[in-house]
Amino acid sequence: MLSVHVVSHTHWDREWYHPAERFRQRLVALIDELLDDPPADGSSFLLDGQTIVLEDYLDVRPDRASELSSALRDGKLEAGPWFVLPDELIPGGEALVRNLLAGRRTLRGLRADPPPVLYCPDSFGHPAALPELARGFGHSVVVLWRGFGGARVPEDDAFWWVAPSGDRVLVYHLTRAGYELGANLPPEEDAARVRWTEMRAQLAPRSSLDAALLLNGADHHARQTRLADAIRALGAVAKPDQTRASSLREFAGEIEKRATSRRVREVRGELRDSYGYTWTLQGTLASRTPQKRRYVRRERELLRDVEPWSALAAFYGRGSRRQLTNAAWRPLLLCQPHDTLCGCSVDDVARAMDGRLESVAAQAAGLREDALLDWIGHDREAARRDRDAWNPALLVRNRAARARSGVAIVELTSQIADVPVGPRSIHVSIAQRVLPKTPRLAGAAPVQVLSRRIDHERIEAPRDYPDNDAVARLHAAVWIEDVPAYGVAAAPFKASRTRTPRRVERVSVEDGVMTNGHVTLRFAEEHPLTLEQSGRVVRDFIEWESRRDRGDLYTPAIREAKLAPRLLNTRLIHRGPLRASVEQRWRLRDSDNRVDARVRFVLDAGAAWLRIQITGMNSARDHRLRLRFRTDVEGGRTFADAAFGSVERKPIQVSEEDSAMEEAVPTAPLHRYVSLFDDRHGATLFSDGLTEYETDANTIAVTLLRSIGELSRSDIVERPGHAGWPAPTPEAQCLGPFEAELAVMLHGPRTEAVIDEIERASDDVLFPLTGDTLRSALQVHPPVHGVALEGIGLSFSSAKESESGEWLVLRCVNLLEKESAGSWRLGREVREAHMARLDETILTPLAAKNDTIPFLAPPRGVVTILVR
């Protein structure tokens, strides 16, 4: 006998085949109706597990905030815990945490709580760490659909899902019909009997707990008419099964209770395979590729170059910026919904996402500047009013939780002329001015200028108009010693030559050989490149691949070769001594289409990797463009970075019968890096934001572009039928400029030491030392220490202000399969420290020793510590 919980709901894609504003008009009508005529006692209406619908509604109907709050508290409406229902495979683990924190803020503002369920009804796959994420926010049940099911997994509808850390949650897996199984229930008994027979055939054979969730609703659906009659008719015809109008909270409570006395299977790892059960839609990872890259770069900027500085400034008593930081996160989180971030929406939606990303960039730049200047104690008002006291300096920031030395890529800015603004201003001719000499820096190696430009810069203060100057900006490489962990070091400009630091490494170029003693690149005009490292030689290590793609924004349909690549020339750009680079110009074309690309191979002094910078112009439609990186790792295993730690990925093998519904794609999500390992050695490719890779034998292929002009097609054999409403998407052809930055490193086999080496290299590649000129500095600022993470295999994850504003939140991830001893070391004495959940709920106290907090990280565990 089944216990069936009928939960009315709507699945609300905030934007998809319409922009958000159009869907909001329908949303307001839906919630107005629910407030005017609330669900019956004992039942609820589920607003799709996300709280953005509440904010969107209140933007239009702020007058009904009290009624909405009451409906949520009384259980008539259910929403959350997500802020938006995200794509779960492209965002990092911390970005998913920010999503859940934002969802909780919305509900707390309405004095409500979410049901204890991480509700994921339509995400295109799920990361292995999701159980840990759920548990970290107090959710013990997950409801999901895509990404699991079919002949390769148990048929049960409930299972324990175990994260790499050992955390587990109870999963309820929806039927093949997903969240639409109970849509539009008939109110007449004869029709209800036929319908129940069909629904029970899907529910009963899979039921492992004799309890079932019947979701009554569908995409953007209002509550069905005559719902009470339909529930009564279903109850009458379903006997002896028990059916009742219910809530997600009540259903979760029942299956949790039943699971304690039943034998429930365990499942581990990512959930990216529902082939033959329902569409998995893993082919969206490269749709609108340049936009995805911009999203990832903005996400990493907030996490590594905004939040930590703001949090450390607050920790040192310089004032809180957590509300402004939350405001910067909001437009980024609004990019996370799967139809938005996955790129499978109409062009209007993509343009709205572009605007949000521009907003994030502007907010991030301002927050970083303000926090850094406050932290080092720079007085803007005094500087603005005492220009004669300026002592220009380069401020180098270290965006890693360990002290670093090495090449920093910086902006050196020198004044050319004062440029007045206003009615009494006069024209200032810049062309006649003598450009300033390259500044010398105290304690730094000679500066290597990479490029120059003329610009304007404003020195601003809260109570004055800006001081506006024409300036010379030098994009330069400098060698910087001993920048503290998550800290700042200042190098004042000096008029005289200064001593070169002792440990400066160099890079040299001679006779077609570029080397820094660790990595060597051999190059020649119109000849393949050879990469050498640690006695290993990889010849012709990059290859272009262009193939026709007749798919849509959901599913690639890769066909024959399309554009033929031709190397136009190879030339030396920079000779060193700190940065050397060689550039190849390529043209890929057929009779009607063309891609022009520049690939620059960059080697820095002391680096254990080779950077690859790609800029191009795409004029080709309906194709996929990839770069393939050859390694000397034959038949190796693939390990890829993912949310809260790497996972091993193996090809998904699907039967011919299951492939008839949807063919399995060989590509997979790319986060910071992907590695190949055999028993003797390994190779890693790092990515600055591209989101799709494929490994094949000894090769790692990275998707630079997927150019597609249709939202959904029904005539592709890889996925017969429409996955969305058909609509032209000409802007998804990605015509115009594109960019990427990658890096390649050869190393040893997969050991604990190499895992740690790759993680450190990831920081060095993606978050190198960088700096900007503070022309208005009034003093020589001593180095400022932030926070250091110590411990083998421990990966820095987050440093942020707590939601309450009372704590500094420090988080790291243990990448090893064994317990690891670690410590956080701060630049000042710690008064109090506690272990906490991901949602910042305090768990147990920790004993701090002066400025150091020792801890033990469980195998593959995420460790959150609150400090003050």
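Check the entry above for the structure.
Since we're looking at a predicted model, the values are computed, not measured.

Analysis parameters
Residues numbered from 1 in each chain as written. Predicted model: local features only at pLDDT ≥ 70, side-chain atom pairs only at ≥ 80, totals over all residues. Heavy atoms only, no water. Helix = DSSP H or I, 4+ residues; strand = E, 2+ residues; numbered from the N terminus. Rg over C-alpha atoms; globule rule 2.2 N^0.38 Å. Buried < 20%, exposed > 50% of the residue type's maximum accessible area, 1.4 Å probe, protein only. Contact = heavy atoms within 4.5 Å. Pairing = 2+ DSSP bridges. Axes fitted to C-alpha atoms, helices over the stretch in contact; angles between N-to-C directions. Core = buried A, V, L, I, M, F, W, Y, C linked by side-chain atoms within 4.5 Å. Parallel < 35°, antiparallel > 145°, perpendicular 65-115°, else oblique. Left-handed = near helix turned anticlockwise from the far one by under 90°. Nonpolar A, V, L, I, M, F, W, Y, C, P; charged D, E, K, R; others polar. 1 Å grid on protein atoms, 1.4 Å probe; cavity = no way out; pocket = protein on both sides within 12 Å on 5 of 7 lines; lining within 4 Å. Points joined across faces, edges and corners; volume = space filled by probe spheres on them. Phe/Tyr/Trp six-rings, centres within 6.5 Å; stacked < 30°, edge-to-face > 60°. Lys NZ or Arg CZ within 6 Å of the ring centre and 35° of its normal.

Draft legend 1. Region of interest: the overall build of the protein chain. Along the protein chain, the regular secondary structure elements total 16 helices and 45 strands. For the protein chain, whose C-alpha radius of gyration is 28 Å, the value lies close to the compact-globule estimate of 29 Å for 868 residues. Structurally, the protein chain occupies a C-alpha span of about 95 × 60 × 60 Å along its principal axes. Buried residues in the protein chain amount to 62% of all 868 residues. A sequence separation of at least 24 residues applies to 76% of the contacts in the protein chain between residues at least 6 apart.

Draft legend 2. Structural context of the sheet that holds strand 4 (residues 117-120). Pairing is mixed across the open sheet formed by 5 strands, whose spatial order is 4-5-7-6-10. Here the strands that pair on one side only, and so sit at the sheet edges, are strand 4 and strand 10 (266-268). Neighbour-to-neighbour, the strand axes of the sheet open up by a mean angle of 30 degrees, direction not taken into account. Strand direction decides the pairing type here: strand 6 (residues 158-162) and strand 10, joined by 3 bridges, are parallel. Bridged to Val 162 within strand 10 is Arg 268.

Draft legend 3. Representation of the nonpolar core within the structure. Core analysis: the largest hydrophobic core is formed by 61 residues, its most contacted members being Leu 47, Leu 54, Leu 68, Leu 72, Leu 77 and Tyr 295. Those elements giving two or more residues to this core turn out to be helix 1 (20-36), helix 2 (52-60), helix 3 (65-73), helix 4 (93-109), helix 9 (289-305), helix 11 (322-333) and helix 13 (347-376). Ranked by the residues each element gives to this core, the list is headed by helix 1, at 7 residues. Leave out the neighbours within four places in its chain, and Leu 68 touches Ile 31, Leu 35, Leu 54, Tyr 57, Leu 58, Leu 77 and Leu 110. Membership of the second largest hydrophobic core comes to 50 residues, among which are Ile 542, Leu 603, Ile 614 and Ala 683.

Draft legend 4. Here's a closer look at the packing of helix 9 against helix 13. As a packed pair, helix 9 and helix 13 sit with axes 10 Å apart at the nearest point and diverge in direction by 25 degrees. Judged by the inter-axis angle, helix 9 sits roughly parallel to helix 13. Judged by the twist between their axes, the crossing of helix 9 over helix 13 is left-handed. Across from Gln 291, Arg 294, Tyr 295, Arg 298, Glu 301, Leu 302 and Asp 305 in helix 9, the residues of helix 13 making contact are Ala 350, Met 353, Asp 354, Leu 357, Val 360, Ala 361, Ala 364 and Arg 368. Classifying every residue of the contact of helix 9 with helix 13 gives 8 nonpolar, 1 polar and 6 charged.

Draft legend 5. Highlighting empty space enclosed by the protein. The final tally for this structure, using the stated rule, is 10 cavities of 30 Å³ or more. The space that makes up the largest cavity amounts to roughly 400 Å³. Contributing to the lining of the largest cavity are 27 residues, with Gly 92, Gly 93, Leu 303, Asp 641 and Arg 672 lying nearest its centre. Sorting the residues of the lining of the largest cavity by element identifies helix 4, helix 9 and strand 39 (794-801) as the ones contributing at least two each.

Draft legend 6. Quick look at the packing of aromatic side chains. Under the definition given, this model contains 17 aromatic pairs. Here Trp 309 and Trp 375 contribute two aromatic rings whose centre-to-centre distance is 5.8 Å and whose plane-to-plane angle is 45 degrees, an arrangement assigned as tilted. Of this pair, Trp 309 sits in helix 10 (residues 307-315) while Trp 375 sits in helix 13, placing them 66 residues apart in sequence. The structure contains a cluster of three or more aromatic residues connected by ring pairs, namely Trp 309, Phe 315, Tyr 316, Trp 375, Tyr 486, Phe 796 and Trp 824. Geometry around Trp 160 places Arg 168 over its ring, the cationic atom sitting 3.8 Å from the centre.

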